[in-house]
Structure formats: C-alpha cells, structure tokens
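Residues per chain are reported as follows:
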Amino acid sequence: MEHAILHLLYARFWTRALQRIGRIGVTEPFKGLFTQGMVTHETYRAGDGSWLSPDQVRREGDDWIHVESGQPVTTGRVEKMSKSKKNVVDPDAIIDRYGADAVRWFMLSDSPPERDLEWSIGGIEGAARFVQRVWRLASTAQESDGDDAALHKKVHKTIAAVEQALEQLQFNKAVAALYELTTAIEKAKPSSSRAEAVKALVLLVAPMAPHLAEEAWAALGGSGLVADQPWPTHDPKLLVDDEVTVAVQVNGKLRETLTAPRGATREALEQMALGADKIARLLDGSTPRKVIVVPDRLVNIVL
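Residues numbered from 1 in each chain as written. Predicted model: local features only at pLDDT ≥ 70, side-chain atom pairs only at ≥ 80, totals over all residues. Heavy atoms only, no water.

Participant: An account of the overall build of the protein is needed here, citing residue identities and associated values.
Facilitator: Along the backbone of the protein there are ten helices and ten strands. Over its C-alpha atoms the protein spans a radius of gyration of 27 Å, topping by over 25% the 19 Å that the globule rule assigns to 303 residues. Reported as C-alpha extents along the three principal axes, the dimensions of the protein are approximately 75 × 60 × 50 Å. Here the protein, with 303 residues, has 33% of them falling under the buried criterion. (Helix = DSSP H or I, 4+ residues; strand = E, 2+ residues; numbered from the N terminus. Rg over C-alpha atoms; globule rule 2.2 N^0.38 Å. Buried < 20%, exposed > 50% of the residue type's maximum accessible area, 1.4 Å probe, protein only.)

Participant: How would you summarise the environment of Lys237 if you had to cite specific residues and measurements?
Facilitator: Positionally, Lys237 belongs in the loop between helix H8 (210-219) and strand E7 (243-250). The class for Lys237 is exposed, based on a relative accessible area of 70%. Residues Lys237 and Lys153, 84 residues apart in the sequence, show an inter-C-alpha distance of 9.4 Å.

Participant: Residues and numbers for the nonpolar core, please.
Facilitator: One finds Trp105, Leu178, Ile185 and Leu201 to be the most contacted residues of the largest nonpolar core, which totals 46 residues. Counting only elements with at least two residues in this core, the list comes to helix H2 (91-98), helix H3 (100-109), helix H4 (121-139), helix H5 (149-167), helix H6 (171-187), helix H7 (192-205) and H8. The contact partners of Ile185, leaving out residues within four places of it in the chain, are Leu137, Leu151, Arg194, Ala197, Val198 and Leu201. The next biggest cluster of nonpolar side chains, apart from the first, holds 15 residues, and it includes Val244, Val246, Val250 and Val299. (Core = buried A, V, L, I, M, F, W, Y, C linked by side-chain atoms within 4.5 Å. Contact = heavy atoms within 4.5 Å.)

Participant: I'd like a description of the packing of aromatic side chains, backed by residues and values.
Facilitator: Inspection of every chain in the model, using the stated rule, returns four aromatic pairs. For the ring pair Trp105 and Phe130, a centre distance of 4.5 Å and an interplane angle of 15 degrees mean the geometry is stacked. Within this pair, whereas Trp105 is found in helix H3, its partner Phe130 is found in helix H4, the two being separated by 25 residues in sequence. Neither residue differs from the other here; Trp105 and Phe130 are each classed as buried. With 6.1 Å between their ring centres and 85 degrees between their planes, Trp105 and Tyr179 make a pair best called edge-to-face. Separated by 74 residues along the polypeptide, Trp105 in helix H3 and Tyr179 in helix H6 bring together distant segments of the chain. Taking the relative accessible area as the measure of exposure, Trp105 reaches 0% and is therefore buried. Overall, Tyr179 belongs to the partly exposed group, its relative accessible area being 27%. (Phe/Tyr/Trp six-rings, centres within 6.5 Å; stacked < 30°, edge-to-face > 60°.)

Participant: Which residues make up a negative patch on the surface, and what values do they have?
Facilitator: Where like charges cluster on the molecular surface, the negative patch consists of Asp55, Asp90, Asp92 and Asp96. When its relative accessible area of 69% is taken as the criterion, Asp96 is described as exposed. (Patch = residues over 30% accessible without salt bridge, like charges linked within 9 Å, V, L, I, M, F, W, Y side chains within 5 Å. Areas by Shrake-Rupley, 256 points an atom, 1.4 Å probe, with all protein chains shown as cover. Salt bridge = Lys/Arg side-chain N within 4 Å of Asp/Glu carboxyl O. Lys, Arg positive; Asp, Glu negative; His and termini not counted. Charge placed at Lys NZ, Arg CZ, Asp CG, Glu CD.)

Participant: Account for the sheet that holds strand E9 (residues 290-294), naming residues and giving values.
Facilitator: Reading across from one edge, E8-E7-E10-E9 is the order of the four strands in this open sheet, with mixed pairing throughout. Edge positions in the sheet fall to strand E8 (253-261) and E9, since each of these pairs with one other strand and no more. Going from strand to strand, the sheet's axes swing by 20 degrees on average, the running direction of each strand aside. Each of E7, E8, E9 and strand E10 (298-302) is contacted by helix H9 (residues 266-275), which is oriented at about 125 degrees to E8, the strand it contacts most. (Pairing = 2+ DSSP bridges. Axes fitted to C-alpha atoms, helices over the stretch in contact; angles between N-to-C directions.)

Participant: Describe the environment of Ala218, listing the residues and the values that go with them.
Facilitator: Mapped onto the secondary structure, Ala218 falls in helix H8. Between the alpha carbons of Ala218 and Ala197 there is a distance of 16 Å; along the sequence they are 21 residues apart.

Participant: Explain the packing of H3 against H6 residue by residue, including any values.
Facilitator: When two helices pack together, you describe them by how their axes are tilted relative to each other and by the distance separating the axes. It is at 7 Å that the axes of H3 and H6 come closest, and there the two elements cross at 110 degrees. The angle between H3 and H6 places the two elements in the roughly perpendicular class. Here Trp105, Leu108 and Ser109 of H3 lie close against H6, whose contacting residues are Phe171, Asn172, Val175, Leu178 and Tyr179. Here the residues of the contact of H3 with H6 sort into six nonpolar, two polar and no charged. (Parallel < 35°, antiparallel > 145°, perpendicular 65-115°, else oblique. Nonpolar A, V, L, I, M, F, W, Y, C, P; charged D, E, K, R; others polar.)

Participant: Account for the pattern of salt bridges, with residues named and values stated.
Facilitator: One pass over the structure, following the stated rule, counts six salt bridges. Two residues, Arg104 and Asp101, come together in a salt bridge whose shortest N-O distance is 2.7 Å. Of this pair, Arg104 and Asp101 are both found in helix H3, three residues apart, which corresponds to roughly one turn of the helix. Between Lys154 and Glu180 there is a salt bridge, and its shortest N-O distance comes to 3.0 Å.

Quick look at the structure:
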C-alpha cells in the first residue's frame, strides 16, 4: 500500500513540475487520494525477547507456545505487518491453500478499505467456504419452470446495493449483500428465477473473485468470458417493498410484529393487531382504552 501511495505522490509531483514549466497543459490526473488501511497482525515474542513469526507459534487453550522449544510466548499488540517484528503472513502459502479469490474476498469483506484489516485465519476459512458455496450453486444449477417473485426481487435489490457500494468504495457492504443473496438462492426451490439468480450472482461476484466467476460462468454454459459480459441492471420498481413490518405494542412494550401490506389503512392495521393470537391472549377479552396507529410502522394498544 505504501508503494501505491508513493507512486501517486510521485505522479502528482511531476505533473505539477511539468505544469510550471509549461511542458504539459493538463490538470491533475486525479481528483483525490483514497488512502487504504493497513493489513495488521498480532505480534509474538520468545522468552529472550526475540520476535517470532506466526508460523513459529501455536495456540494451546488461551496460551501461545513456541513450536520449536515448547516454551510460552508473549503476545503483543496487533500492528501493521513488518519484517522487523516478523508478524508477516506468507501470501504464497495462503494462496496455495485457499486460493487467491478467497484471500481477496476476505480482505474486501472484513472491514471498510479505509480502515486497518487484522489478518485472520478464521476469516480466510470463511471466505474459502463462500467460494465453495458459489461454486456449488453454479455447478449444480439447472433450468426449471416456475417463477419465484421474492427471489426475483431479491436479485434486483442486490444488484442495486452492490452497484452503489462499489461506486462508494464500500466493498464490505457489497460483499454483505452478496452473502445475503447466496443464502436466499440456497433456500429457494428450483425455478427459472433461481437459475437467473445464480447467473446474476456470478456476474456480481466477478469484480472481487474473478477466477471463481470465470469457472462458474463456464459451468453455467455462458459464452465468452464473464469479464466481457455487461453489468446486470435492476428494475427500480422492484426495489420498493410491497409489505412492511409493523410493531405491535401493549402499553408501550413491544409484544408482537406483523407483516402487513404497505399503505394499509389504520382500521385494517388495528384489526390485524387485535386479531393476533399473542395480543388476544394478553387482552384476555378486555377492551383497550385506546389504540394508536402509525401507518406502516406501529400499533400501540393502551389498556
């Protein structure tokens, strides 16, 4: 990361220098500098005070042990990776075991890019499991009849969410939206909507897991490279929910939640709330003194 920043500063320096002497007549090559966070890792020290690398220690319960000597290890702060403190993880070994896409996916998913990222084997393993989930969906996908309106809407919401997150460099939010879509596809029954959802998932994953996306695209029978495919589009009409969740309170305390059509009348919401089994048991035949209704949001029953 430091090298990237230095290159940008170097470019800015020479652009300004050449502008001053009239060699070039263009403005700054970029509008602003986005500084990424550092990749960090816990530090370890042997009994003699020497630094130990992560592959020289192992965890036993709540303690860390030096692999070679079996002696206790002192753990230090989580700091940026550096050779001097040996808290560097060999990327080749990680990539060989989990694949480049899993590494990339973890780094994008764990935190916003402007914040520091603490390296975690558990995080890498979770990313690797996600890669396998997407591959299973692509390799076992099959065309089926029937529509799934809920899944179709979920796909369009995800496309909009991922597009917005990428434009704002909020990669972790894009990843979170793709996790949700993957779970929704896994739970859905076979349908034409499910098959289309898998294709959309592969296209949306492609910028962050390109190797996985190309293999999955081929498994789906897609023509050409996934990198050459147009970015999926969403229907703005499908971003609006037809249903809302309404909280039902009794004397100001939450007792139930209801799913109601968006825009339902006050009378309809009141009837739904009073007719709910849990609320009926609480009322036990008594008549409320007052029912306060906030459309699409709340029903408060005052006894």
